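Take a look at the letters that make up each chain.
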Amino acid sequence: MINQLSWKVGGQQGEGIESTGEIFSMALSRQGYYLYGYRHFSSRIKGGHTNNKIRVSTTATNSISDDLDILVAFDQETIDLNHHELRPGGVIIGDSKFSPKQPEGCTANLFSVPFTEIATDLGTSLMKNMVAVGASSALLGLKVEAFNSVVEQIFSRKGASVVEKNLQAIEAGMEYFKKEAEGSVGDFQLKEADGKSRMFMIGNDAIALGALAGGARFMPAYPITPASEIMEYLIKKLPEYGGTVIQTEDEIAACTMAIGANYAGVRSLTASAGPGLSLMMEAIGLSGITETPLVIVDTQRGGPSTGLPTKQEQSDIFAMIYGTHGEIPKVVITPSTVEEAFYDAVEAFNIAEEYQVPVILVTDLALSLGKQTVEPLDFSKVNIRRGKLNLEEELPELEKSAYFKRYEVTDDGVSKRVIPGMKNGIHHVTGVEHNEQGKPSESPENRKAQMDKRLRKLQELPKVFPSPVYKDERHEEADLLILGFNSTRGTIQEAIPRLEKDGLKVNHGQVRLLHPFPTDELKAMVDKAKKVVVVENNATGQLTQLTKMNLSRGDIQSILKYDGNPFLPSEIHNQCKELF
Amino acid sequence: MATFKDFRNNVKPNWCPGCGDFSVQAAIQRAAANVGIVPEELAVVSGIGCSGRISGYINSYGFHGIHGRALPIAQGVKMANRDLTVIASGGDGDGFAIGMGHTIHSIRRNIDVTYIVMDNQIYGLTKGQTSPRSEMGFKTKSTPAGSIESALGVMELAISAGAGFVAQSFSSDLKELTSIIEQGINHKGFSLINVFSPCVTFNKINTYDWFKENLTSLSTIEGYDPSNRSQAMNTLMEYNGLVTGLIYQDKEKPSYESLVKGFKEEPLAKQDIALDQGQFDKLLTEFM
Ligand SMILES: Cc1ncc(C[n+]2csc(CCOP(=O)(O)OP(=O)(O)O)c2C)c(N)n1
Ligand code: SF4
């Protein structure tokens, strides 16, 4: 019996590869296994190789694995492209329809199972993915009952007989494979899981759910990979809560519409990836100078321009921090797990309103689209804080022809905020430099007072933000400190025990607040380490540069990967080892 | 009841003496009073340009945004609080060049915003370059040899894009302009009002006298029916777009807000945003 394994299904895009992975993993999730998925796909809908790699484990896991135990193939290309990942003794299960062939040098066990034929005999070739799920589940020692609730959920709309047929297809796949493989494969039987039902979701789901729980009720957005799931979830849910999603004509409209709604008192967000973020820059500055709360989600993907639109990258750091012209207070939050993405989404709205600033909530493609097991989220940790927003119907009367001091200079830099409609709250809002009432002013004294006021707002944020750095500090004095952000956390965590085995003392920090930079927090960590290395999915080492600059420490090194794929634990392990 | 004076503030506009925008400001103030709202119920959102300054010159909630983006900001405000009267405003460069995409899509979307364009056929704030409304041959700083691009027929474009309210006016005619703005505010859905608002400093062709000579009031055209879309189109073509009055209105066209599933009469901004434990738990089970 084993504790964990890695399973991959591949074929042509549009051929049900997604649903094969989905059904397989949902069933395992409901048995209490922990899962971590990564989708490889292309920027086209039909055709082109796609695959879904899923890690299954009896304990929490947050990373893809180096190798592969089982490869389910719907075409020869899947075998040719992926067999090198298979560990010795691994298994390939291919549809007999394409007569799967063992590539040269491949030592895996190849089984040909008539997915399509069995499915056709049972009624429709569409069920071939069910047969495939069945065949590979037999290897894991699963029983068809494990699929009852999932199949019921997916197909009950189509009637009881469809549910029944699909379960039969799974069972037929299991039976066929068991006979075929009898005694000829190693141990793929998973130890029983704890049977607890956990959540299984992608980062984008968590952000959308966090936005909803965090009180967002309006989302203007323009579709883009890998952000669209956020708007797609919210368009389903928001109407039940009085709100809505508008698909705008572009990201400039999306961002400025969100600004308009926030100004008028509704928590509003937009979400995009690099190309959209680039278009929003001027508007982000508007949010900054007008002190209008705003939440933007940036799901990083391969850039620049259209770049690698469906691939993993973490190269928007500088764009997010420095992209806007002029100088504004701005917050950049980088959750590193799906669970964090949820709580950080809630927090993004609180911070945006408490400090009256734009907040960019950042993921990368692996975090946005990778499906992970999440422990049930805690409602008691969801709280809504609106800062100095005044929601009363009426304010004290103002002096004749004076405006409400929306931009009153205060010690903490944050001024009282009122929304349109409020009696005695009239004020002007402008992206032009303005005085306390919001009226345009070019006076040097006023400029300085307003600029200082705005920039003062976030000074304390790194101190009050919930764990600006996720820390795994095992050693008072470490040989190595590994730093990363977003989805690399699980992979780094997986590399650390290997490095420790090699005799190195390793600490780990995952930066969760990129801006304002948690300098003090990181300095304490960095000072304890002989060497510091930053692991990041980009070519120029943006987080490395940021860390060097903020900590004034020149010897910080980088491990970079920018070929479109996430790091493997072995890559981090090996490259860290090379530093010594 | 508020009067137009209640919509005045103490800010002195920095427009050139004689600029057409003064009358647009006055017309908005009068129309707001005439439709029976009080200053805090009005939000004026404006773009960047000489004209964009208008939101600062009206005693109401005002949002002076970025160049070309008054419309999406205004739509966000309206979606957040549908009790507000929302006016978007700006220049012809703002709305028909950099912001043209938003103009067309605001028409399609049909959120209840009244959009007032101060059309001076030139860029005022940047000191006299060509605009999408400048006629062929028009000489400006950026077209010293005369414009070689044709002027955009925005009223025709709006009607063909499906606009439910299309009107045009002239800033000298305060009475008609005020009435048109009132009608625009009362129209349930997006309304586009293009106002010929001369730039006395940089446009020496399209002057007050020029407009007086060249504009035809629709009220003088016998049998003109603003609910007749093809007549509206034909008339615009016949007069090369130089008409004033309510050009086209479709009173039946449903506004965006009225079509949004579950969208309540109570403004979104006033609704409770906290979930309860039961709602939250239900949301979680969908991922189990
Ligand atoms: C993104 C951007 N590009 C350019 C400008 C410079 N700019 C300010 S106003 C303006 C055009 C003004 O013309 P119009 O919109 O017709 O307004 P008017 O000044 O004539 O009222 C331009 C190009 C800007 N503010 N922002
Ligand atoms: S430059 Fe032209 S548009 Fe601008 S204020 Fe002067 S007259 Fe008006």
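Residues numbered from 1 in each chain as written. Chains lettered and ligands numbered in written order. Predicted model: local features only at pLDDT ≥ 70, side-chain atom pairs only at ≥ 80, totals over all residues. Heavy atoms only, no water.

Enquirer: How do you make sense of the overall build of chain B when you look at a structure like this?
Expert: The secondary structure content of chain B amounts to ten helices and ten strands. Seen along its three principal axes, the alpha-carbon backbone of chain B occupies a region of about 70 × 45 × 40 Å. Taken across its 288 residues, chain B has 59% of its residues classed as buried. In chain B, once contacts between residues fewer than 6 apart in sequence are set aside, the share between residues at least 24 apart is 70%. Of the roughly 11400 Å² of accessible surface on chain B, a fraction of 52% belongs to carbon and sulfur atoms. Both charge centroids of chain B, one from 25 positive and one from 29 negative side chains, sit 5 Å from each other. (Helix = DSSP H or I, 4+ residues; strand = E, 2+ residues; numbered from the N terminus. Buried < 20%, exposed > 50% of the residue type's maximum accessible area, 1.4 Å probe, protein only. Contact = heavy atoms within 4.5 Å. Areas by Shrake-Rupley, 256 points an atom, 1.4 Å probe, with all protein chains shown as cover. Lys, Arg positive; Asp, Glu negative; His and termini not counted. Charge placed at Lys NZ, Arg CZ, Asp CG, Glu CD.)

Enquirer: How should I be thinking about the side chain of Thr334 of chain A in this particular structure?
Expert: Residues and elements named next belong to chain A. With respect to the helices and strands, Thr334 occurs in the loop between β12 (331–333) and α12 (338–355). Here Thr334 falls in the buried class, since its relative accessible area comes to 0%. Of note is the side chain of Thr334, whose polar atom sits 2.8 Å from the backbone oxygen of Val511. Not counting residues within four places of it along the chain, the set of residues in contact with Thr334 comprises Val362, Phe485, Asn486, Val511, Arg512, Leu513 and Leu514. (Polar contact = N/O pair within 3.5 Å; in protein donor to acceptor, adjacent residues only side chain to side chain.)

Enquirer: Teacher, can you tell me more about the sheet that holds strand β22 (residues 529–536) of chain A here?
Expert: Consider a sheet: its strands pair through backbone hydrogen bonds, and that pairing is either parallel or antiparallel. Residue and element names in this part refer to chain A. Taken in spatial order, the five strands of this open sheet run β18-β20-β19-β22-β23, and their pairing is mixed. Pairing within the sheet leaves two strands with one partner each, and these edge strands are β18 (469–472) and β23 (557–560). Within the sheet, the average angular offset between the axes of one strand and its neighbour, ignoring direction, is 20°. Bridging between β22 and β23 involves four bridges; their strand directions are parallel. Bridge assignment links Val533 to a residue of β23, and that residue is Gln557. Taken strand by strand, helix α16 (residues 489–501) contacts β18, β19 (478–485), β20 (506–511) and β22, and its axis lies near 175° from that of β20. (Pairing = 2+ DSSP bridges. Axes fitted to C-alpha atoms, helices over the stretch in contact; angles between N-to-C directions.)

Enquirer: Any chance you could explain the site of ligand 1 here in plain terms?
Expert: Every one of the 17 residues lining ligand 1 counts as a neighbour, but Cys50, Ser51, Gly93, Asp94 and Gly124 of chain B are closest to it. In this structure, ligand 1 sits where chains A and B come together, each supplying nearby residues. Measuring from an oxygen atom of ligand 1, one finds a backbone N or O atom of Cys50 of chain B at 2.8 Å. Take Leu125 of chain B: an N or O atom from its main chain is 2.9 Å from an oxygen atom of ligand 1. When ligand 1 sits alone it has 580 Å² of accessible area, and the protein chains cover 77% of it. Of the residues forming the shell around ligand 1, the biggest block, four residues, is contributed by helix α3 (residues 92–98) of chain B. Along the lines of polarity and charge, the residues of the shell around ligand 1 split into six nonpolar, eight polar and three charged. (Near = heavy atom within 4 Å. Nonpolar A, V, L, I, M, F, W, Y, C, P; charged D, E, K, R; others polar.)

Enquirer: Please explain the pattern of salt bridges as it appears in this structure.
Expert: Charged atoms that come close allow side chains of opposite charge to pair. All names here are of chain A. The final tally for this structure, using the stated rule, is 39 salt bridges over all chains. Among the salt bridges present, the one from Arg447 reaches Glu433, with a minimum N-O distance of 2.9 Å. Here Arg447, found in helix α14 (residues 444–456), pairs with Glu433, found in the loop between β17 (428–430) and α14; they are 14 residues apart in sequence, far enough to count as distant. A relative accessible area of 10% places Glu433 in the buried class. Across the salt bridge formed by Lys471 and Glu521, the nearest N and O atoms sit 3.1 Å from each other. In this pair, Lys471 sits in strand β18 while Glu521 sits in helix α17 (residues 519–527), placing the two residues 50 residues apart along the sequence. Under the relative-accessibility criterion, Lys471 is labelled partly exposed at 37%. Owing to a relative accessible area of 25%, Glu521 belongs among the partly exposed residues under this scheme. Each of Arg267, Glu353, Arg386 and Arg417 takes part in one network of salt bridges that share partners. (Salt bridge = Lys/Arg side-chain N within 4 Å of Asp/Glu carboxyl O.)

Enquirer: How do you make sense of empty space enclosed by the protein when you look at a structure like this?
Expert: Think of a ball as big as a water molecule: rolled over the atoms, this probe shows where empty space is left. Residue and element names in this part refer to chain A. Within the structure shown, the criterion is met by three cavities of 30 Å³ or more. By volume, the largest cavity amounts to about 80 Å³. Around the largest cavity, the lining residues are Tyr36, Tyr38, Ile64, Gln312, Ala366, Ser487, Thr488, Thr491, Asn537, Pro566 and Phe567. Split into classes, the residues belonging to the lining of the largest cavity amount to six nonpolar, five polar and no charged. As a volume, the second largest cavity reaches approximately 50 Å³. Surrounding the second largest cavity, Tyr263, Thr290, Glu291, Thr292, Pro293, Arg406, Tyr407, Arg417, Val418, His427 and Val429 form its lining. (1 Å grid on protein atoms, 1.4 Å probe; cavity = no way out; pocket = protein on both sides within 12 Å on 5 of 7 lines; lining within 4 Å. Points joined across faces, edges and corners; volume = space filled by probe spheres on them.)

Enquirer: Would you mind going over the nonpolar core with me for this structure?
Expert: One recurring pattern in soluble globular proteins is that nonpolar side chains are buried together. Counting residues in hydrophobic clusters, the biggest one holds 97 residues, and the most contacted among them are Ile284 and Leu543 of chain A together with Val77 and Ile247 of chain B. Residues Ala206, Ile351, Val357 and Leu513 of chain A belong to the second largest nonpolar core, which totals 56 residues. (Core = buried A, V, L, I, M, F, W, Y, C linked by side-chain atoms within 4.5 Å.)

Enquirer: Even after reading the chapter, I still don't get the UniProt feature "domain: Pyruvate/ketoisovalerate oxidoreductase catalytic" (unreviewed entry) in chain A, so can you show me in this structure?
Expert: Under the feature "domain: Pyruvate/ketoisovalerate oxidoreductase catalytic" (unreviewed entry), the UniProt entry names residues 14–175 of chain A. The annotated region residues 14–175 of chain A carries 41% helix and 23% strand content, and the separation between its end C-alpha atoms amounts to 27 Å. (UniProt positions renumbered as here; feature names shortened; annotations may be inferred.)

Enquirer: Just to check I follow, could you spell out the site of ligand 2 for this structure?
Expert: For ligand 2, the full set of nearby residues is Trp15, Cys16, Cys19, Cys50, Asn120, Cys199, Val200, Thr201 and Phe202 of chain B. Grouping the constituent residues of the shell around ligand 2 by class yields seven nonpolar, two polar and no charged.

Enquirer: I keep staring at the interface of chain B and chain A and nothing clicks. Help me out?
Expert: In many reports, interface size means the accessible area that the parts give up when they come together. Listed per partner, the contact involves 55 residues of chain B and 70 residues of chain A. Summing both sides of the interface, chain B and chain A together bury roughly 5100 Å²; the carbon and sulfur share of this comes to 65%. Applying the counting rule to chain B against chain A returns two salt bridges. For Glu286 of chain B, the salt bridge identified is with Lys237 of chain A, shortest N-O distance 2.9 Å. At the junction of chain B and chain A, the tally comes to 20 residue pairs in polar contact (both at pLDDT 80 or more). Those elements that place two or more of their residues in the side of chain B that touches chain A are β2 (61–64), α2 (70–80), α4 (100–109) and α10 (277–285) of chain B. By residue number, the principal contributor to the side of chain B that touches chain A is α2 of chain B, which donates seven residues. Bridge analysis of β17 of chain A against β2 of chain B gives three bridges, and the strand direction is parallel. (Buried area = accessible area lost by both parts, 1.4 Å probe.)

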